[in-house]
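Residue-level structure breakdown
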Amino acid sequence: MTAGQRRRCFGLLRSAGDVWACVLEVNAWRRRRQDAPLAGYQQLCRELSGPGPGTFGELDSTGARSVLRRFSDAWFAAAKARQDGDLSVRFPRRRRALMPVRWYHGTFTLDGRRVRLPTARGTSPLWVRLAREVPYPVEQVRSVTLLCEGGRLFLDVTAEVPVATYPAGQGPDPDRVAGVDVGIIHPYAVAGPAGEGLLVSGRAIRAEHRMHLADTKTRRRAVARRAPKPDQRGSRRWRKYRRRARLGEGRHRRRVRQAQHEAARTVVSWAVEQRVGVLRVGDPRGVLDIDAGRRHNLRLRQWQIGRLMQVLTDKAVQAGITVDTVNERGTSSTCPACLRRVPKPRGRTLTCPHCKFSGHRDLIAAAIIATRTPGGGPTTPTAAVALPEVVKHRRAGRHLPGASQSRRDPRRPPQAARGSVGPRRPASPPGGESLAQTARIHNCASETR
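All values reported here derive from a predicted model rather than from experimental measurement.

Below, the discussion takes up the pattern of salt bridges. Taken as a whole and assessed by the stated rule, the structure comprises 11 salt bridges. A salt bridge links Glu25 to Arg95; the shortest N-O distance between them is 2.4 Å. With Glu25 in helix α1 (residues 3–32) and Arg95 in the loop between α3 (61–83) and β1 (101–104), the pair connects residues that are 70 residues apart, well separated along the chain. Note on Glu25: relative accessible area 27%, which makes it partly exposed. For Arg95, a relative accessible area of 51% puts it in the exposed group. We note a salt bridge from Arg253 to Glu149, for which the minimum N-O separation is 3.4 Å. With Arg253 in helix α5 (residues 236–273) and Glu149 in strand β5 (residues 141–149), this pair connects stretches of sequence that are 104 residues apart. Its relative accessible area of 15% is what places Glu149 among the buried residues. A cluster of three or more residues bridged by salt bridges with shared partners is formed by Glu149, Arg253 and Arg257.

Have a look at this one:
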């Protein structure tokens, strides 16, 4: 887009932030007077119509009402959570400089790669050109949302996508059930009927999180010496650094989000091939309430359990597959052969000390999840669990750095640049036996590939 179009788009986002700030200010006044807050959508719309047109720049009434709808939904969601006993949830009281603006069907114009965004009465029309074609027919598009992420402008398109149809006898069968275990090493481990299984590796996603964190720390240490003084907050150098940091954060989030969608698409495609009609997903969100320390809490936050489950549910519903959430407690520490509790292993292989059974820990959890009943019921299996005999391995995030055949992240420094490693030893002595010390492998369980 041109400089003028970019300036007008950011002006719409700033005007939406002004609407959000006005609602917070009005509720603050009413709270000081001990009056009831304005939280209903109709009440907020009546309050908005009082100042008249032109109060918030080029922002039209439809875009302003989308901000009011977002505030009302956030307020009632917080009230419902606090009513249920979760007092840690707060009402929306934080101001935002830029707020997303949404326009619904009939208020915008979509013509190929050109979109006309509505503006206030009396202003010139705002046409913007998209970076690529919209992947949906025009008649299916229901809304567009203008937002800013990492200093870049995006137009989020929401469309009505019909549920997939299949020929007779080839669609998902409701009697074929598969269990899905959500994890970090493997975002999805699936145990299906007829001895079929699927493992989706998420090691590239975990490496992306770790290398991005290392890059962020290194970047902060590098600029700490050049940080501006209190009277230099407006320096151009510091603004450029913050802009590069925002671009890096946005790129990192887009990479991880795309990898999560690829992993969910792999699971749904596999389920369609196996004619699975029901996916029973173990719900591990209870671990988020446990304070496990600063380092492990960061890993749980990077796990993004809710997003993984939501992405899988959206794609499964579109494919005509039902998704049920079940209790996954104890699935990774129960032997599927003798049904006894075993110590939770450190690696991926679970070995029962009672019957000497050994198998992949995530696949065992998925197979036990497939036997559980949604909405409650016993969590201990009453019969032996059938484990997958044929397992497919897929990798999520092939677009991530280091996920190719080389398995070397370009951001990782070479081995020689990490400092001295001490005196070198001969790699192949005359006797044929290496003189190097035995490597200490913490996770010594072998993994089937």
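Here the focus is helix α7 (residues 305–318). In a regular helix each residue adds 1.5 Å, so 14 residues correspond to 20 Å; α7 covers 20 Å between its end C-alpha atoms and thus fits that length. Listed as buried for α7 are Ile305, Leu308, Met309, Val311, Leu312 and Ala316. Buried residues of α7, seen end-on, are gathered within an arc of 165 degrees and therefore sit on one face of the element. In the core, the buried residues of α7 are packed alongside β7 (173–182), β8 (188–191), α5, β10 (276–283), α6 (294–303) and β11 (322–327). At the exit of α7 stands Gly320, carrying a positive phi of roughly 85 degrees.

Once that is clear, we can look at a nonpolar patch on the surface. Nonpolar side chains collect at one region of the surface, where Val287, Leu288 and Ile290 lie side by side and expose about 250 Å² of accessible area between them. When you line up the elements, Val287 lands in the loop between β10 and α6. The exposure class of Val287 is partly exposed, given its relative accessible area of 31%.

With respect to topology, three strands assemble into an open sheet ordered β1-β5-β6, the strand pairing being antiparallel. One side of each edge strand has no neighbouring strand; the edge strands of this open sheet are β1 and β6 (152–159). Put simply, the sheet's adjacent strands are angled 15 degrees from each other on average, direction ignored. Direction of pairing for β1 relative to β5: antiparallel, over a ladder of four bridges. Its bridge partner lying in β5, Arg102 is registered against Thr145. Docked against the sheet, α1 engages β1, β5 and β6, running at close to 95 degrees with respect to β5.

On to the sheet that holds β10, then. Within the open sheet, the six strands sit side by side as β11-β10-β7-β8-β9-β14. Their pairing is mixed. Each of the sheet's edge strands pairs with one partner strand only, and the pair in question is β11 and β14 (390–395). Neighbour to neighbour, the strand axes of the sheet diverge by 25 degrees on average, direction disregarded. Sheet contacts for α7: β7, β8, β10 and β11; angle to β10, the most-contacted strand, approximately 170 degrees.

Look at Arg275: it is not a glycine, yet its phi comes out positive at around 60 degrees. One non-glycine residue with positive phi stands out, namely Lys356, at about 65 degrees. One can find Lys356 in the loop between β12 (349–351) and β13 (358–360). Classification of Lys356 by relative accessible area gives exposed; the value is 64%.

Let us now look at the packing of helix α2 (residues 41–48) against α3. The geometry of α2 relative to α3 is characterised by a closest axis approach of 9 Å and an angle of 145 degrees between their N-to-C directions. Classified by chirality, the crossing of α3 by α2 is right-handed. Taking contact as the criterion, the partners of Tyr41, Leu44, Cys45 and Leu48 in α2 are, on α3, Ala64, Arg65, Leu68, Arg69, Phe71 and Ser72. Grouping the amino acids of the contact of α2 with α3 by side-chain chemistry returns seven nonpolar, one polar and two charged.

Further remarks concern α2. Those residues of α2 lying buried are Tyr41, Leu44, Cys45 and Leu48. Take α2 and look down its axis: the buried residues cluster within an arc of 100 degrees, on one side only. For α2, exposure combined with an orientation more than 90 degrees from the buried face picks out Gln42 and Arg46. Buried residues belonging to α2 abut α1 and α3.

Relative to the elements of secondary structure, Arg8 occurs in helix α1. Arg8 gets classed as buried once you look at its relative accessible area, which sits at 13%. Once you skip the residues sitting within four places of it in the chain, Arg8 turns out to touch Glu58, Thr119, Ser124, Pro125 and Leu126.

The next thing to look at is the environment of Lys315. The topology assignment puts Lys315 in helix α7. By relative accessible area, which is 21% here, Lys315 ends up partly exposed. With 46 residues separating them along the chain, Lys315 and Ser269 place their C-alpha atoms 9.5 Å apart. Not counting residues within four places of it along the chain, the set of residues in contact with Lys315 comprises His261, Ala264, Arg265 and Val268. Only 3.4 Å separates the side chain of Lys315 from the side chain of His261, close enough to count as a polar contact.

Parameters at a glance
Throughout this document, residue positions are counted from 1 along each chain, in the order its sequence is written. Owing to the predicted nature of the model, reporting of local features is limited to residues with pLDDT of at least 70; listing and counting of side-chain atom pairs is limited to 80 or more, with chain, interface and lining totals taken over all residues. Values shown for side chains rest on all heavy atoms present in the structure; no hydrogens or waters enter the calculation. When a carboxyl oxygen of Asp or Glu lies within 4 Å of a side-chain nitrogen of Lys or Arg, that pair is called a salt bridge. Numbering of helices and strands starts at the N terminus; helices are DSSP runs of H or I of at least 4 residues and strands are runs of E of at least 2. Using a 1.4 Å probe on the protein chains alone, a residue whose accessible area is under 20% of its type maximum counts as buried, one over 50% counts as exposed, and one in between counts as partly exposed. Expected helix span is given by 1.5 Å per residue-to-residue step, counting one fewer step than there are residues. To obtain the arc, one takes the directions from the helix axis to the C-beta atoms. Pairs of residues are marked as contacts when any of their non-hydrogen atoms sit within 4.5 Å. Residues enter patches when they are more than 30% accessible in relative terms and free of salt bridges; like-charged ones are connected within 9 Å and nonpolar ones (Val, Leu, Ile, Met, Phe, Trp, Tyr) within 5 Å. Only the protein chains shown count as cover for residues, with accessible areas throughout obtained via the Shrake-Rupley method and a probe of 1.4 Å. A pair of strands is labelled paired if DSSP reports no fewer than 2 bridges between them. Whenever a helix is involved, its axis is fitted only over the stretch in contact; in every case the axis is a line through C-alpha atoms, and angles between N-to-C directions fall within 0 to 180 degrees. Throughout, a crossing is termed right-handed when the near helix is turned clockwise from the far one, and left-handed when it is turned anticlockwise from it by less than a right angle. Only Asp, Glu, Lys and Arg are considered charged in this grouping, and only Ala, Val, Leu, Ile, Met, Phe, Trp, Tyr, Cys and Pro are considered nonpolar; every other residue, Gly among them, is considered polar. For this analysis, a polar contact is any N or O atom pair within 3.5 Å, provided that within protein one partner can donate a hydrogen and the other can accept it, and provided that sequence-adjacent residues contribute only side-chain to side-chain pairs.

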